[in-house]
Amino acid sequence: VLENSSPAFLSLSLAPSMAVWDLSVTVEDLGSDAPPVTLSVASDLHVGGVILKLVEKTQIKRDWSDHALWWEQKQRWLLRTAWTLEKYGIHADARLVFMPQHKPLKLCLPNGITLKLRACFSNPVFQTVMGICRMLNIRHPEELSLLRPIEQKKKKKDKDSAEEIYDLTEVPLSSVSRPCLYNGMPAHFADSTQMEAIYKMLSVTQPPPAPEVIAKQYRPASVVDKAHIHGRWLDSSRCLMQQGIQENDRVWLRFKFYAFYDIEPKYDVVRLTQLYEQARWAILLEDIDCTEEEMMLFGALQYHISKVSQSEPQMLSSSAAMDDLESALQSLEVKMEGETSTASEMPKRLTLKGYKQYWFKFQDTSISYFKSKEESIGEPIQQINLKGCEVAPDVNVTAQKFLIRLLIPAPEGMNEVYLRCENQYAQWMAACRLGSKGKTLADSSFQSEIQSIRSFLAMQKTSSSSHGNVPANDESINTHSLVSPRYHKKYKTKQLTPRILDAYQNVAQLSLTDALMRFLQIWQALPDFGLSYVVVRFKGSRKDEVMGIAPNRLIRIDLGVGDVVKTWRYNNMKQWNVNWDIRQVAIEFEGNVNIAFGCVTADCKIVHEFIGGYIFMSTRSREKSDTLNEELFHKLTGGHEAL
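Calculation criteria
In every chain, residue numbers begin from 1 and rise along the written sequence. Local features in a predicted model are, by the rule used here, given only for residues with pLDDT of at least 70; side-chain atom pairs are given and counted only at 80 or more, and totals for whole chains, interfaces and linings are based on all residues. For the side-chain quantities, the full set of heavy atoms in the structure was used; hydrogens and water were omitted. Each helix is a run of DSSP H or I of at least 4 residues and each strand a run of E of at least 2, with the numbering of both proceeding from the N terminus. Working definition: with a 1.4 Å probe on protein chains only, accessible area under 20% of the residue-type maximum means buried, over 50% means exposed, and in between means partly exposed. Residues count as neighbours in contact if any of their non-hydrogen atoms are within 4.5 Å of one another. Surface accessibility in these figures is a Shrake-Rupley result with a 1.4 Å probe; residues are shielded only by whichever protein chains are displayed. By definition here, a helix of n residues has an expected span of 1.5 Å times n minus one. By nonpolar core is meant a set of buried Ala, Val, Leu, Ile, Met, Phe, Trp, Tyr and Cys residues that side-chain atoms within 4.5 Å join together. Candidates for patches are residues over 30% relative accessible area with no salt bridge; among them, like charges are joined within 9 Å and nonpolar side chains (Val, Leu, Ile, Met, Phe, Trp, Tyr) within 5 Å. Any Lys or Arg side-chain nitrogen located within 4 Å of an Asp or Glu carboxyl oxygen qualifies as a salt bridge. Positive charges are assigned to Lys and Arg, negative charges to Asp and Glu, while His and the chain termini are left out of the count. Charged groups are reduced to one reference atom each: NZ for lysine, CZ for arginine, CG for aspartic acid, CD for glutamic acid. At least two DSSP bridges between two strands are needed for those strands to be called paired. The axes are straight lines fitted to the C-alpha atoms, using for helices just the contacting stretch, and the angles between their N-to-C directions are given from 0 to 180°. Here the aromatic set is Phe, Tyr and Trp, taking the six-membered ring for Trp, and pairing holds for ring centres within 6.5 Å; pairs whose planes are under 30 degrees apart are stacked, those over 60 apart are edge-to-face, and all others are tilted. Distance and angle both matter: a charge sits over a ring if NZ of Lys or CZ of Arg is within 6 Å of the ring centre and within 35 degrees of the ring normal. Note: pLDDT gives the predictor's confidence per residue, expressed from 0 to 100.

## What about the overall build of the chain?
(1) Moving on: Per the secondary structure count, the chain includes 17 helices and 26 strands.
(2) Moving on: Going through the 643 residues of the chain one by one, you find that 53% of them count as buried.
(3) Moving on: Of the contacts formed within the chain by residues at least 6 apart in sequence, a portion of 65% connects residues at least 24 apart.
(4) Moving on: Accessible surface, the chain: about 31,600 Å² in total, of which carbon and sulfur atoms supply 48%.

Encoded structure:
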């Protein structure tokens with residue numbers, strides 16, 4: 001004992017042990033009748049520890065690496081295995097299910113074939129689609145998404161006809177961005193003749209459908225019907241389970257964003273085929289309007305593609321003219337004919353839609369018009385700067401109608417102007433196209449633009465020359481398989497056949513790839529191409545209207561008469577946001593233009609995702625074409641959940 005020393009104290013702090021409680025977990029692999037497994041846990045136990053206890057208690061020896069816990073009440077996966085039960089907020093009343101993250105899903109493709117494959121039910125749908133596209137060898141999966149199918153009432157006589165479903169559930173899942181190819185197909189499709197046959201169905205166009213098959217399909221009767229279909233898109237930022245999709249449920253895989261990038265037939269056999277099939281069904285089911293002349297050309301191309309695909313199954317040939325397919329796809333709206341010219345100024349008479357005739361002059365990137373040629377040395381009536389304009393054709397060769405449709409940016413949207421050409425249509429169309437890109441007639445691409453327009457229009461021309469080796473009446477053509485139902489009622493087969501054959505002679509020499517690309521060209525040049533519809537109600541309005549969402553603009557449509565009221569381009573958009581509490585979309589454009597609307601036929605998240613998605617598509621570049629900026633996509637489309 002030391003004298004005069006301070007007393008010494010030993011301090012021990014004992015942390016109270018966490019209370020142990022029972023947690024019930026349903027293990028899917030034990031069967032639906034098996035009772036939940038009860039575990040003794042503490043709140044500081046991490047999710048990985050819960051899974052370890054589960055596996056030990058079930059005493060089943062298998063690979064559990066794909067399994068995870070699903071929290072039923074909160075509709076969320078517990079994927080952060082290092083988080084504790086306390087951090088997740090899980091208590092004894094939580095209903096947890098231990099099940100695989102990848103489950104069978106029935107997937108209906110654009111060509112009508114249904115596959116059964118293992119899809120990820122725990123990742124956001126965006127990643128799930130990436131995995132599906134990786135399996136099917138479809139590049140640029142960001143252009144596609146999943147939507148709920150339309151419920152169709154089955155007739156009694158249809159009950160016996162069982163649908164064929166092709167099973168791919170044994171295909172191993174891969175995280176490789178581009179699958180290893182063997183004989184032109186992913187290695188997993190080269191394992192057996194049966195798998196090869198499935199890949200052939202994915203990559204080769206289907207024969208024209210029988211008229212009764214077309215008649216059975218759901219056809220939207222109005223723009224409101226179309227809007228209801230677009231309300232079925234799944235949310236890309238949430239997983240399948242969170243959206244009520246269960247194991248073995250059926251969903252559709254479709255191209256959602258009509259901004260098709262970097263198409264290469266050598267690598268995109270499946271992608272090109274499925275895109276053609278989606279376009280073909282849009283035409284046959286009248287999901288998009290076209291003229292009678294265009295319908296005959298679509299029919300002729302289908303007939304040609306069907307014939308050629310039997311002799312060219314791999315679709316790997318392409319003419320030199322179509323080698324740069326990406327630029328071909330981007331210039332699809334341009335497709336007309338005219339005379340050649342190299343002049344830097346192009347004075348020519350045109351007619352406005354109101355049938356007033358003026359003298360027009362094209363200079364730099366602007367169009368000016370005057371009362372007469374003599375007055376063209378003075379001040380014009382008006383000068384239109386084409387930079388940033390939208391240029392589209394409106395043509396009917398038979399009726400000798402050659403119009404150029406201009407959408408001109410204005411403070412409150414877009415002004416629409418139609419020009420009617422008496423001659424030199426290709427020059428004017430090419431000049432307007434270049435002007436809209438900020439290029440002058442001195443640009444090196446002017447002549448190639450003209451040639452592109454002329455070659456396309458040549459296909460639409462009805463030739464009075466002989467059919468050569470094309471028979472006057474080909475019995476093998478089932479014309480009602482090539483056109484939409486309205487033409488079944490309007491014309492008899494003997495009336496349709498010569499018209500389709502007449503158009504066929506202009507495409508009969510095309511290779512399979514060129515024919516597919518030409519079909520897509522005409523489809524993309526239709527006025528309503530790429531429009532997704534939503535019924536909305538604008539702030540302060542008492543009536544419902546339609547919002548058309550296009551790859552580069554928003555269109556306000558009067559629901560009563562179907563007229564376009566306003567057009568707003570994305571490149572004039574300063575910002576957009578969603579008030580998630582009142583479910584209202586608000587957008588601010590340049591020039592202090594503000595709009596706000598609530599959605600009637602779809603969740604406002606769908607509109608938000610469309611706008612953000614199209615802006616994301618415009619950020620892609622060739623240098624980064626192999627790397628997908630998934631984080632940017634979710635920032636632009638995910639809403640408050642992503643943030």
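After that view of the structure, there is still more to cover.
## Here's the deal with helix 8 (residues 292-309)
(1) Moving on: Here helix 8 spans 26 Å end to end across 18 residues, near enough to the 26 Å set by a 1.5 Å rise per residue.
(2) Moving on: Within helix 8, 17 of the 18 residues are buried, leaving the element largely enclosed by the surrounding structure.

## Some words on the nonpolar core
(1) Moving on: L115, L136, W523, I587 and F597 are the most contacted members of the largest nonpolar core, which has 126 residues in total.
(2) Moving on: Examining the composition of this core, we find that nine residues originate from one element, helix 8, more than from any other.
(3) Moving on: Those residues in contact with I587, other than ones at most four positions away along the chain, are L554, M573, Q575, W576, V593, N594, I595, F597 and I611.
(4) Moving on: With 30 residues, the next largest nonpolar core counts V391, V397, Y425 and L441 among its residues.

## With respect to a positive patch on the surface
(1) Moving on: A contiguous patch of positive charge, built from K74, R76, R80 and K87, is present on the exposed surface.
(2) Moving on: Relative to the helices and strands, K87 resides in helix 2 (residues 85-88).

## Let's talk about the environment of L45
(1) Moving on: Position of L45 relative to the elements: it lies in the loop between strand 2 (37-42) and helix 1 (47-58).
(2) Moving on: Measuring from C-alpha to C-alpha, the distance between L45 and M18 comes to 9.6 Å, with 27 residues separating the pair along the chain.
(3) Moving on: Residues within four places of L45 in sequence aside, it is in contact with V50, K53, W83, T84 and L85.

## Thoughts on the pattern of salt bridges
Oppositely charged side chains can form a pair if their charged atoms are brought close together.
(1) Moving on: Taken as a whole, this structure holds 26 salt bridges when the rule is applied.
(2) Moving on: A single network of salt bridges, built from pairs that share partners, joins R139, E142, E143, D262, D268, R271 and R620.

## Some points on the sheet that holds strand 21 (residues 545-549)
(1) Moving on: Strand order in the open sheet made by the seven strands is 23-22-21-20-26-25-24, with antiparallel pairing throughout. Whereas interior strands pair on both sides, the edge strands pair on one side only; in this sheet they are strand 23 (564-569) and strand 24 (573-579). Across the sheet, the mean angle from the axis of one strand to that of its neighbour is 30 degrees, orientation sign disregarded.
(2) Moving on: Here strand 25 (residues 584-589) pairs with strand 26 (residues 593-599) via six bridges, running antiparallel. Counterpart to E588 in the pairing with strand 26 is N594.
(3) Moving on: Against the sheet, helix 15 (residues 604-617) engages strand 20 (532-538), strand 21, strand 22 (553-557), strand 24, strand 25 and strand 26, with an angle of about 155 degrees to strand 24.

## Looking at the packing of aromatic side chains
(1) Moving on: Tallied over the entire structure, the rule returns 27 aromatic pairs.
(2) Moving on: Aromatic side chains Y258 and F260 sit 6.0 Å apart centroid to centroid with 65 degrees between the ring planes, which places their arrangement in the edge-to-face category.
(3) Moving on: Judged by its relative accessible area of 16%, Y258 is buried.
(4) Moving on: Taking the relative accessible area as the measure of exposure, F260 reaches 6% and is therefore buried.
(5) Moving on: Cation over ring: K256 sits above F610, and NZ or CZ is 4.9 Å from the ring centre.

## Points about the sheet that holds strand 8 (residues 144-147)
(1) Moving on: Strand order in the open sheet made by the five strands is 8-12-6-7-9, with mixed pairing throughout. Strands at the two margins of the open sheet, each flanked by one partner only, are strand 8 and strand 9 (165-167). Direction aside, the axes of adjacent strands within the sheet are offset by 45 degrees on average.
(2) Moving on: Pairing of strand 7 (residues 114-120) with strand 9, which is carried by three bridges, proceeds in the parallel orientation. Within strand 9, the position partnered with T114 by the bridge is I165.
(3) Moving on: Sitting on the sheet, helix 3 (residues 125-136) touches strand 6 (102-108), strand 7, strand 8 and strand 12 (250-255), and the angle it makes with strand 7 is about 130 degrees.

## Thoughts on the confidence of the model for the chain
(1) Moving on: Taken as a whole, the chain shows an average pLDDT of 83; of its residues, 83% reach a score of 70 or greater.
(2) Moving on: Counting interchain partners and residues more than four positions distant, the pLDDT-below-50 stretch residues 314-353 has 137 contacts.

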